[in-house]
Amino acid sequence: MKKFFAVFAALLIIFTLAVPVHAENPVVQSSFTPDPAPVVFDGVLYFYCGEDSEEDNGFYNMTDWHCFSTTDMVNWLDHGVIMYPEDFEWAEPGSAWAAQCIERNGKYYLYVTVTTDGGRAIGVAVADSPTGPFKDALGKPLCGPDWAYIDPTVMIDDDGQAYLYFGNPTSFYCKLNEDMISLDGGVMQHDMTVKSFGPMPGGGTSYTEGPWLYKRNGIYYLVYASNGVPEGIAYSTSDSPVGPWEYQGLIMNPGSSTTIHPGIIEYKGHDYFFYHGVLLPNGGWNKRSTAIMEFDYEEDGSIPLIEHSILGVEQLENFNPFGKHEAETMSNSSGVKSVTSDKRVYIGSISDGDYIKLSGVDFEDGAKSFSANIYSDTKGRLEIHLDSQYGKKIGTIDLDGSSKFKDVSCALSANSGVHDLFFTFMGTRDSDFRFDYWEFSKEETAGSSGSSSNTVIYCAIGAAVVLLAAIVIVIIVKSSKKRTAKADK
Ligand code: FUB
């Protein structure tokens, strides 16, 4: 029997170590993340997306654009709100439809869809960093207004010529000047033929909206939402950046939402397909979330049919917890929201029992201390657990309920190797926690305030008490021996 358990335990350990860490779809749980647009800047993978509001207005109530980044495909840093439609003075609030960002000569250009007087329009904003601050570059639409002008996608070809595509249900395109904020010529439209864009059941072509333009091995790819609603994803190819296009077929069947919106990117030798679906419990056709699937091109460059799955992509490398990290870095979470306020992004809306998870965190030979910047309105605690929300507890920070952001720290009990890391908040039912940043260190922290350091203090007091008791016993024994010796005399 003992032998059986030993073999079973060994197999379990081998199995656990052999299964790679996977992301879960949706990628983000703390907000809705429709219309994802991935891009790599300086070795970091970003995706830009809109935000479907929780407040339903019966249509798309899209309040702002967000940006997320990763280097391991599983743990994502939320850079918060990077722009509001109101930042374009001529655009309507709540109209933050699809956007895409591109870099040229050290500037970052964000092409967006918004609603204005007389229709939708493509606006362009510019920033010095991928995460903003972005400013309207023109003070007016780059293209439009026109109700068909939505979903910009942008590409700079090898010869330096930039192209902008957009449109529903027609595919429009134009050339951009080197300044990226003016057109070289006018807006053109493709011949909407079945040969170029495939057949729509019931007539017309399958092209619907959400174009995604890129080049790979000399082939131009135009990937787009197809077949009306519910949308699937199809693609066409060309040997020229402006077509004519040749329809190649469907690469994703319709899924959980009416719209789906594609984005494709190569990162660290892997090819990823971004799309959105109704993937959160409180989601809906206008409350959509980003999902990612990995795929391999066929040898001839064609894209295979990609399945929908809630099992996302594999982690590319372990997460290094040492050094300062923003609290809005996570692979999963429960209950929390990222808050953008005065150029500061933190995790708010945290209540009792909520948690933040980071996957595949490498503590190497062990972290000795933990520090964080936290606000709490209640005498609660931040507990640090390994491998599950209530797994092995390696440290606790006791929060004083002062309703101020404070630097707090604690010593840690033994931890080493690679684990999933959970920050679990414990308080009273309606407690309000806010979490700005954290850091693990290999050094012991002086003046630690958490209960792991309290444990050290309690141990020291305990040891002193035991020592005192021992001294008292020795004295009593010695004096009783003296008394016995006297009596014997
Ligand atoms: O998110 C609003 C609109 O729905 C987008 O612009 C379309 O691509 C579709 O996803």
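Because the structure is predicted, anything quoted here is derived from the model rather than measured. (Residues numbered from 1 in each chain as written. Predicted model: local features only at pLDDT ≥ 70, side-chain atom pairs only at ≥ 80, totals over all residues. Heavy atoms only, no water.)

Caption draft 1: Quick peek at the site of the ligand. As a structural note, the neighbourhood of the ligand is formed by Asp35, Met62, Trp97, Ala98, Asp151, Glu209, Thr259, His261, His276 and Arg288. For the ligand, an oxygen atom lies 2.4 Å from a polar atom in the side chain of aspartate 151. Within the complex, the protein chains bury 98% of what would otherwise be the 280 Å² of accessible surface of the ligand. Taken together, the residues of the shell around the ligand break down into three nonpolar, three polar and four charged. (Near = heavy atom within 4 Å. Polar contact = N/O pair within 3.5 Å; in protein donor to acceptor, adjacent residues only side chain to side chain. Areas by Shrake-Rupley, 256 points an atom, 1.4 Å probe, with all protein chains shown as cover. Nonpolar A, V, L, I, M, F, W, Y, C, P; charged D, E, K, R; others polar.)

Caption draft 2: A look at the side chain of threonine 205. Its place among the elements puts threonine 205 in the loop between α2 (194–197) and β14 (207–216). Residue threonine 205 is classed as buried on the basis of its relative accessible area, which comes to 11%. Contact partners of threonine 205, with chain neighbours within four places excluded, come to Met192, Thr193, Val194, Phe197, Gly198, Pro199 and Met200. (Helix = DSSP H or I, 4+ residues; strand = E, 2+ residues; numbered from the N terminus. Buried < 20%, exposed > 50% of the residue type's maximum accessible area, 1.4 Å probe, protein only. Contact = heavy atoms within 4.5 Å.)

Caption draft 3: Broad picture of the pattern of salt bridges. Per the stated rule, a full pass over the model turns up 16 salt bridges. For lysine 337, the salt bridge goes to glutamate 54, with nearest N and O atoms at 3.3 Å. With a gap of 283 residues between them, lysine 337 in strand β25 (residues 337–341) and glutamate 54 in the loop between β3 (44–52) and β4 (62–70) connect regions that are remote in the sequence. Among the residues examined, glutamate 54 registers a relative accessible area of 47% and is labelled partly exposed. The salt bridge partner of aspartate 56 is lysine 287, with a shortest N-O separation of 2.9 Å. A residue pair is termed long-range when its members are at least 10 positions apart, and aspartate 56 in the loop between β3 and β4 and lysine 287 in the loop between β19 (270–277) and β20 (289–295) qualify at 231 residues. Residue lysine 287 is classed as buried on the basis of its relative accessible area, which comes to 10%. (Salt bridge = Lys/Arg side-chain N within 4 Å of Asp/Glu carboxyl O.)

Caption draft 4: Geometry of the layout of surface pockets. Reported here for the largest pocket is a volume of approximately 610 Å³. The wall of the largest pocket is formed by 25 residues, among which Met155, Tyr214, Lys215, Ile264 and Ile265 lie closest to the centre. Of all the secondary-structure elements, those providing two or more residues to the lining of the largest pocket are β2 (37–41), β6 (97–104), β10 (153–156), β14 and β18 (263–267). Here the lining of the largest pocket gets five residues from one element, more than from any other, and that element is β14. Here the lining of the largest pocket is built from residues that sort into 16 nonpolar, one polar and eight charged. Considering the residues around the second largest pocket, the lining is formed by 19 residues, among which Val81, Ile82, Thr131, Pro133 and Lys343 are closest to the centre. (1 Å grid on protein atoms, 1.4 Å probe; cavity = no way out; pocket = protein on both sides within 12 Å on 5 of 7 lines; lining within 4 Å. Points joined across faces, edges and corners; volume = space filled by probe spheres on them.)

Caption draft 5: Geometry of the packing of aromatic side chains. Applying the stated criterion across every chain, the model contains 37 aromatic pairs. With a centroid separation of 5.5 Å and an interplanar angle of 90 degrees, the aromatic rings of phenylalanine 423 and phenylalanine 435 are classed as edge-to-face. In this pair, phenylalanine 423 sits in strand β32 (residues 418–426) while phenylalanine 435 sits in strand β33 (residues 433–441), placing the two residues 12 residues apart along the sequence. Comparing phenylalanine 423 with phenylalanine 435 shows no difference in burial state: the two are buried. Within the aromatic cluster, the residues linked to one another by ring pairs are Phe363, Phe370, Phe423, Phe425, Phe433, Phe435, Trp438 and Phe440. Across the ring face of tyrosine 297, the terminal group of arginine 216 is positioned such that the distance to the ring centre comes to 3.6 Å. We note lysine 324 situated over the ring of tyrosine 437; from NZ or CZ to the ring centre the distance is 4.2 Å. (Phe/Tyr/Trp six-rings, centres within 6.5 Å; stacked < 30°, edge-to-face > 60°. Lys NZ or Arg CZ within 6 Å of the ring centre and 35° of its normal.)

Caption draft 6: Structural context of the sheet that holds β6. Taken together, the four strands give an open sheet; going across it, the order is β6-β7-β8-β9, and neighbouring strands pair in antiparallel fashion. Strands at the two margins of the open sheet, each flanked by one partner only, are β6 and β9 (135–136). Pairing between β6 and strand β7 (residues 107–116): seven bridges, direction antiparallel. Among the inter-strand pairings, tryptophan 97 is bridged to a residue of β7, identified as threonine 113. (Pairing = 2+ DSSP bridges.)

Caption draft 7: Representation of a negative patch on the surface. Negative charge collects at one region of the surface, where Glu294, Asp296, Glu298, Glu299, Asp300 and Glu314 lie side by side. Within the secondary structure layout, aspartate 300 lies in the loop between β20 and β21 (311–314). Owing to a relative accessible area of 59%, aspartate 300 belongs among the exposed residues under this scheme. (Patch = residues over 30% accessible without salt bridge, like charges linked within 9 Å, V, L, I, M, F, W, Y side chains within 5 Å. Lys, Arg positive; Asp, Glu negative; His and termini not counted. Charge placed at Lys NZ, Arg CZ, Asp CG, Glu CD.)

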